[in-house]
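The residues making up each chain are set out below.
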Amino acid sequence: MADEWLSGYSGQSTEALLALATKFRSDSVVLAFEEALQAKAPSDVTEHERFVLAIEALEREVNNGGFHQFFTNSSVEFVDVIADALQAVRCTETAEVVREAIESLGIDGAPTAESVTSIMDQDDDGLFERLGAFDDRFYSVAEPIADRLLAWISDNRATVRVGDA
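What comes next concerns the included structure.

Procedures and definitions
Within any chain, residue numbers begin from 1 and follow the written order of that chain's sequence. Selection of residues for local features in this predicted model requires a pLDDT of at least 70, selection of side-chain atom pairs for listing and counting requires 80 or more, and totals for whole chains, interfaces and linings are taken over all residues. Side-chain measures were taken over the full set of non-hydrogen atoms in the model, leaving aside hydrogen atoms and water. Under the DSSP-based scheme used, a helix requires at least four consecutive residues in state H or I and a strand at least two consecutive residues in state E, with every element numbered from the N terminus. Only C-alpha atoms enter the radius of gyration, while the globule expectation follows 2.2 Å times N to the 0.38, with N the number of residues. Burial classes: relative accessible area under 20% of the type maximum marks a residue as buried, over 50% as exposed, and values in between as partly exposed (1.4 Å probe, protein chains only). We call two residues in contact when some of their heavy atoms are within 4.5 Å. Multiplying 1.5 Å by the residue count of a helix minus one yields the expected span of that helix. The set of buried Ala, Val, Leu, Ile, Met, Phe, Trp, Tyr and Cys residues whose side-chain atoms join them within 4.5 Å is what this entry labels a nonpolar core. Between N-to-C directions, angles cover 0 to 180 degrees, with each direction set by a line fitted to C-alpha atoms, over the stretch in contact for helices. Should an angle lie under 35 degrees it is considered roughly parallel, over 145 roughly antiparallel, and from 65 to 115 roughly perpendicular; all remaining angles are considered oblique. The directions from the helix axis to the C-beta atoms form the arc being described. When two rings of Phe, Tyr or Trp (its six-membered ring) have centres within 6.5 Å they constitute a pair, described as stacked for plane angles under 30 degrees, edge-to-face for angles over 60, and tilted for the intermediate range. Whenever Lys or Arg places a side-chain nitrogen within 4 Å of a carboxyl oxygen from Asp or Glu, that contact is recorded as a salt bridge.

Right, let's get into the overall build of the protein chain. Each helix and strand counted, the protein chain has 8 helices and 0 strands in total. The N-to-C order of helical and strand elements in the protein chain reads α-α-α-α-α-α-α-α. A globule of 165 residues ought to have a C-alpha radius of gyration of about 15 Å, and the protein chain, at 16 Å, matches this closely. C-alpha extents for the protein chain along the principal axes are approximately 45 × 35 × 25 Å. Residues classed as buried in the protein chain amount to 45% of the 165 residues present. Here the analysis covers contacts within the protein chain between residues at least 6 apart in sequence; of these, 65% occur between residues at least 24 apart.

Here's what the structure looks like:
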């Protein structure tokens, strides 16, 4: 496994980034994909590309401030697809933790960014504590998210396009 860190995205195509996975850490290659995808117009992002963005947003936010941060920052835009994205890349345990964290918000119907924001804006002293239990579960899951996401990107290279898109 490579241990060198890719310092960022510099215009490579999907194929060129995937080729870098033999030299650079998988999490750094995935971050380069995220950086490239964030530069696309939202209307140009495919469903599979949105999965990449969702998973990266989840990892960044939960690792920095827990589910509370994921649900309150702009990353909430991915609440409708995050569990499916994790399931797609075979991170089933993490997907279950995410589903349960979302369900704990008590939203009627399918979760949306707006419905989650509405819940998070309420003055609920116990919410932060309840979400903290899901943070602990998220941290204890030993699934290699970046490795599985990179493999999934490789398998779905026709619908995750950067550089040459």
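Taking 1.5 Å per residue as the helical rise, helix α2 (residues 26–38) with its 13 residues ought to reach 18 Å, and the 18 Å between its terminal C-alpha atoms agrees with that figure. Buried residues of α2: S26, S28, V29, V30, A32, F33, E34, A36 and L37, and no others. Among the structural elements, α1 (14–19), α3 (47–72) and α8 (145–155) are those in contact with the buried residues of α2.

As a further point, take the nonpolar core. Membership of the largest hydrophobic core comes to 53 residues, with the highest contact counts inside it found for F33, L58, F67, F71, I82 and L105. When contributions to this core are tallied by element, the ones reaching two or more residues are α1, α2, α3, α4 (82–88), α5 (92–103), α6 (113–120), α7 (125–140) and α8.

Interhelical geometry of α3 versus α8 gives an angle of 170 degrees and a closest axis separation of 11 Å. If you check the angle between α3 and α8, you find them roughly antiparallel. In this structure, α3 contributes H48, F51, V52, I55, E56 and E59 to the contact, and α8 contributes I145, L149, W152 and I153.

Once that is clear, we can look at α6. Where α6 is concerned, the buried positions are S115, V116, I119 and M120. Buried residues of α6, viewed axially, fall in a sector of 135 degrees; they line one side. Where α6 is buried, its residues touch α3 and α7.

With that out of the way, let us pick up the packing of aromatic side chains. With the rule as written, the count across this model stands at 5 aromatic pairs. Where F67 meets F71, the ring centres are 5.9 Å apart and the plane angle is 35 degrees; that geometry is what we call tilted. Here the residue F67 and the residue F71 both occupy positions in helix α3, the gap between them amounting to 4 residues, near one helical turn. When its relative accessible area of 1% is taken as the criterion, F71 is described as buried. Ring geometry for F138 against Y139: centres 6.0 Å apart, planes inclined by 80 degrees, an arrangement best described as edge-to-face. We classify F138 as buried; its relative accessible area is 7%. Y139 sits in the partly exposed class, given a relative accessible area of 43%.

A positive phi is found at R90, a non-glycine position, where the angle reads about 70 degrees. The topology assignment puts R90 in the loop between α4 and α5.

For the rest of this paragraph, the subject is the pattern of salt bridges. In this structure the tally under the stated criterion is 9 salt bridges. A salt bridge links R50 to D80; its shortest N-O distance comes to 3.1 Å. Here R50, found in helix α3, pairs with D80, found in the loop between α3 and α4; they are 30 residues apart in sequence, far enough to count as distant. For R50, a relative accessible area of 25% gives the class partly exposed. Given a relative accessible area of 41%, D80 falls into the partly exposed group. The shortest N-O distance in the salt bridge between D124 and R130 comes to 3.2 Å.

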